[in-house]
Every structure is written in structure tokens, then in C-alpha cells.
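# Tertiary structure, described
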Amino acid sequence: MPHEISWSHDLDNALRTAGDKLILLDFSAAPM
Amino acid sequence: MYTDPRVVEFVKRNVVPVRVHVKDNKNEFKTLADKYDAHWTPATLLVDSSGTERHRIEGFLPADDFLSQLALGTAKAAFAHQDYSSAERLYREVAERYPATDAAPEAQYWTGVSRYRATNDAQALKDTAHAFGDRYQESTWAKKASVWK
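Presented here is an overview of the structure given in this document.

The rules we used
For every chain, the first residue of the written sequence is number 1, and numbering continues from 1 onward in sequence order. By the order in which they are written, chains take letters starting at A while ligands take numbers starting at 1. Where local features are concerned, this predicted model is filtered to residues with pLDDT of at least 70; where side-chain atom pairs are given and counted, the filter is 80 or more; whole-chain, interface and lining totals use all residues. Numbering of helices and strands runs from the N terminus, with a helix taken as a DSSP run of H or I at least four residues long and a strand as a DSSP run of E at least two residues long. Three exposure classes are used, all based on how many other C-beta atoms lie within 10 Å of a residue's own C-beta (placed from the backbone): buried at 20 or more, exposed at 12 or fewer, and partly exposed between those limits. Helices are assigned an expected span. That span is 1.5 Å times one less than the residue count. Note on pairing: DSSP must find at least two bridges between two strands before they are called paired. Helix axes are fitted only over the stretch in contact, all axes being lines through C-alpha atoms; the angle between N-to-C directions runs from 0 to 180 degrees. By definition, residue pairs are in contact when their C-beta atoms, positioned from the backbone, come within 7 Å. Each residue receives one of three labels: charged for Asp, Glu, Lys and Arg, nonpolar for Ala, Val, Leu, Ile, Met, Phe, Trp, Tyr, Cys and Pro, and polar for the others, Gly being one of them.

### Focus: the overall build of chain A
- The helix and strand inventory of chain A stands at 1 helix and 1 strand.
- The dimensions of chain A, computed from C-alpha atoms along their principal axes, are 30 × 25 × 10 Å.
- Counting only residues that meet the buried cut, chain A has 28% of its 32 residues in that class.

### What to know about helix α3 (residues 63–80) of chain B
- Over its 18 residues, α3(B) extends 25 Å from the first C-alpha to the last, a length consistent with the 26 Å expected when each residue adds 1.5 Å.
- Across the 18 residues of α3(B), 14 count as buried, placing the element largely inside the fold.

### As for the sheet that holds strand β1 (residues 15–21) of chain B
- Taken in spatial order, the 4 strands make up an open sheet running β1(B)-β1(A)-β2(B)-β3(B), and their pairing is mixed. The strands lining the two open edges of the sheet, one partner per strand, are β1 and β3 (53–58) of chain B. Going from strand to strand, the sheet's axes swing by 20° on average, the running direction of each strand aside.
- In terms of strand pairing, strand β1 (residues 22–28) of chain A meets β1(B) through 7 bridges, oriented parallel. Residue Leu24(A) lies in a different strand from β1(B), and its bridge partner there is Pro17(B).
- Taken strand by strand, α3(B) contacts β1 of chain A together with β2 (43–47) and β3 of chain B, and its axis lies near 165° from that of β3(B).

### Thoughts on the interface of chain A and chain B
- Contact with chain A, which involves 21 residues of that partner, is made by 34 residues of chain B.
- Within the residue set of the side of chain A that touches chain B, elements represented by two or more residues are α1 (11–17) and β1 of chain A.
- Considered class by class, the residues forming the side of chain A that touches chain B number 13 nonpolar, 5 polar and 3 charged.
- Two elements, β1(A) and β2(B), share 5 bridges in a ladder whose sense is antiparallel. The residue bridging Phe27(A) from the neighbouring strand is Ala43(B), located in β2(B).

### Focus: unusual backbone geometry
Residues and elements named next belong to chain B.
- Following threonine 41, the chain continues to proline 42 via a peptide bond in cis, the omega torsion being -10°.
- We note that asparagine 120 has phi near 60°; this positive angle belongs to a residue other than glycine.
- By the element assignment, asparagine 120 lies in the loop between α5 (103–119) and α6 (123–131).
- Residue asparagine 120 is classed as exposed on the basis of its C-beta count, with 8 C-beta atoms lying within 10 Å.
- The phi dihedral of tyrosine 136 is positive, around 60°, even though this residue is not glycine.
- Among the structural elements, tyrosine 136 can be located in the loop between α6 and α7 (140–145).

### Describing the environment of Trp40(B)
- Assignment of secondary structure puts Trp40(B) in the loop between α2 (26–35) and β2.
- Residues Trp40(B) and Leu72(B) lie 32 residues apart in sequence; the distance between their C-alpha atoms is 21 Å.

### Section: the pairing of β2(B)
Residue and element names in this part refer to chain B.
- β2 sits mainly inside the fold: 5 of its 5 residues count as buried.
- Neither face of β2 is left uncovered, since the one carrying Ala43, Leu45 and Val47 and the one carrying Thr44 and Leu46 both have all their residues buried.
- Bridge count between β2 and β3: 5 bridges; the pairing is antiparallel. Among the inter-strand pairings, alanine 43 is bridged to a residue of β3, identified as glutamate 58.

Scope: geometric values only; no functional claims are made or implied.
See below:
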């Protein structure tokens, strides 16, 4: 789907691979 | 917030999205909520690759406001990394693209600061103070800039 975000749930991996990009860390309680 | 196509596009282009859900990722949520002092949802943090928080959005926002805050966060990160010419450009984009949001007067303020940092020319601060005479006169950021006149 073009209009969906593919969320990771692994911050450590994101920190290792983000490079120059920022990480958007979303704390959520919304229905998944 | 994340169903708006503009938000999806921004996220895909500019950031690495990580979600911790209070129920579905219980252990990660507890660890990270404690680490980042995030005890209310939704809470959206922009974190750089060192793990340092650069911006935080707490509570729901409509898409335009949310986008403006995400863009503000990317500008803040550039400023924090002392990339002042990029910060100036990014702050200016926030003020131009989202003029009706709370982020706009803040971005206008920091556009001037970034330009000053990049050029060491105090005229950038004076120009910013005078620009607040045209827009956002009642904002906190106008008060902060008033000292530069």
C-alpha cells in the first residue's frame, strides 16, 4: 500500500542503520 | 495523524519510523518510555542516530500541525549539529509551508538565529525582529526577538 508506513519496532537496529536520517520514535496506544 | 498521505510521504522520505505500542510491544514500551520520559500517548520523538532526542510532539495534532512539527524537528536537528545553512533553509521552509501553525513563528525566530550563526552578521537578527512586526506579532517568539531591534 503506498499510503501506509512500514513501522519497525526495533530502536536499536534503527539507531545502527539510520545514518544521517532522524528516527521517528512513536509511542502509541492506538488500535493496531 | 499517520493516515494522511502527506504525513506518510514525509515519513518515508525523511525519517526512520519506529513504533512502540503500549500493549503490543509491552517490554520495549516500558524500557523506552522510561528512557525517554514518555509517559503519555501519542508521543512522537525525533531522535538522531546517537539516540539523542531532538524534538518531541505530545498529544494528537491535525495533519498540517503534525507535519509542521516534524519539519521543525528536522530543522532543530540540523541546528543542533551546527549545520546552520541547512537549519536556516529547513526553518524557512517550515515558516513558508505551514504559516498558520504554531511552528511558523518559532521557525521564523530560528531562521534568523541560524542565519546569524552561519554568517555572524547581526543584521540577520535585526531583520528577524522587524519581520515579527508583519507576522505573528502576538507570539512568544516575537517577544523573544524584540530584544534584537
